[in-house]
Amino acid sequence: MSNDVWPMVHAERAALIDDLARLDDGQWAQPSLCVGWTVHDVAAHLVDTARTTRLGFVVGLVRERFDFDRQNARGVERERGASPQDTLQRLRRVASRTSTPPAPLDSRLVEEVVHGEDIRRPLGLTRAYPPEAVTRALRLQLRTPASFGGAKELTARVRLTATDADLSVGNGPEVGGPALSLLLAVSGRQTALEELDGPGAEALVTPRR
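The structure presented is a predicted model; accordingly, all values stated were derived computationally and were not measured.

### Overview of the environment of Tyr-129
With respect to the element layout, Tyr-129 can be found in the loop between helix H7 (107-123) and helix H8 (131-141). Through-space distance from the C-alpha of Tyr-129 to that of Glu-12 is 8.2 Å; in sequence the pair is 117 residues apart. Within polar-contact distance, the side chain of Tyr-129 engages the side chain of Glu-117 at 2.7 Å. Side chain to side chain, Tyr-129 and Arg-120 meet in a polar contact 2.7 Å long.

### Considerations on the nonpolar core
Residues Leu-138, Leu-160, Val-186 and Leu-204 are the most contacted members of the largest nonpolar core, which totals 34 residues. Those elements that place two or more of their residues in this core are helix H1 (5-20), H7, H8, strand E1 (159-162) and helix H9 (179-186). By size, the runner-up hydrophobic cluster in this structure holds 21 residues, among which are Ile-17, Val-42, Val-47 and Ala-95.

About the thresholds
- Residues numbered from 1 in each chain as written.
- Predicted model: local features only at pLDDT ≥ 70, side-chain atom pairs only at ≥ 80, totals over all residues.
- Heavy atoms only, no water.
- Helix = DSSP H or I, 4+ residues; strand = E, 2+ residues; numbered from the N terminus.
- Polar contact = N/O pair within 3.5 Å; in protein donor to acceptor, adjacent residues only side chain to side chain.
- Core = buried A, V, L, I, M, F, W, Y, C linked by side-chain atoms within 4.5 Å.
- Buried < 20%, exposed > 50% of the residue type's maximum accessible area, 1.4 Å probe, protein only.

Structure follows, in structure tokens:
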């Protein structure tokens, strides 16, 4: 995808920073939708991914013996500040960056929207995401293999149809619902399954980070 993704990414970072700035320390310590990670951990992960360059990603992955989860955990340890406010300041400093790992640029939208919901939903916060940001993130997830955090294989078993966007992808029993809910579900967020309908919904079951 072209560089038109960056204004959307930057807008999502800015919106999340505004939400995080209103939290107290107890809310930062709440579990997120990412298994084993708190809100604070997810914020630190977003600092890490905003800093990541193509070369840095490859070097880090080799260092962690090609273990994506361990690489992510190391990034959280590195970027998690001594306090929530410290981490928030780090996030502010990287909010306008345009560096990226070796992945399609729309992966930056997946990162910001999905992790934004990982933080917001447990805290009862909501955001009206720009429809284009959500649908571009969803389309990328549906053409990305599961080994890279996507759901490409799923489209051979079910048809996913957004009820609020012009998007219908896949073959098999239908799963319908808002594009944001579909994005979260195919990204392994089980809480979004309650917002989906159709005979194919049971196929959306593998937790991922």
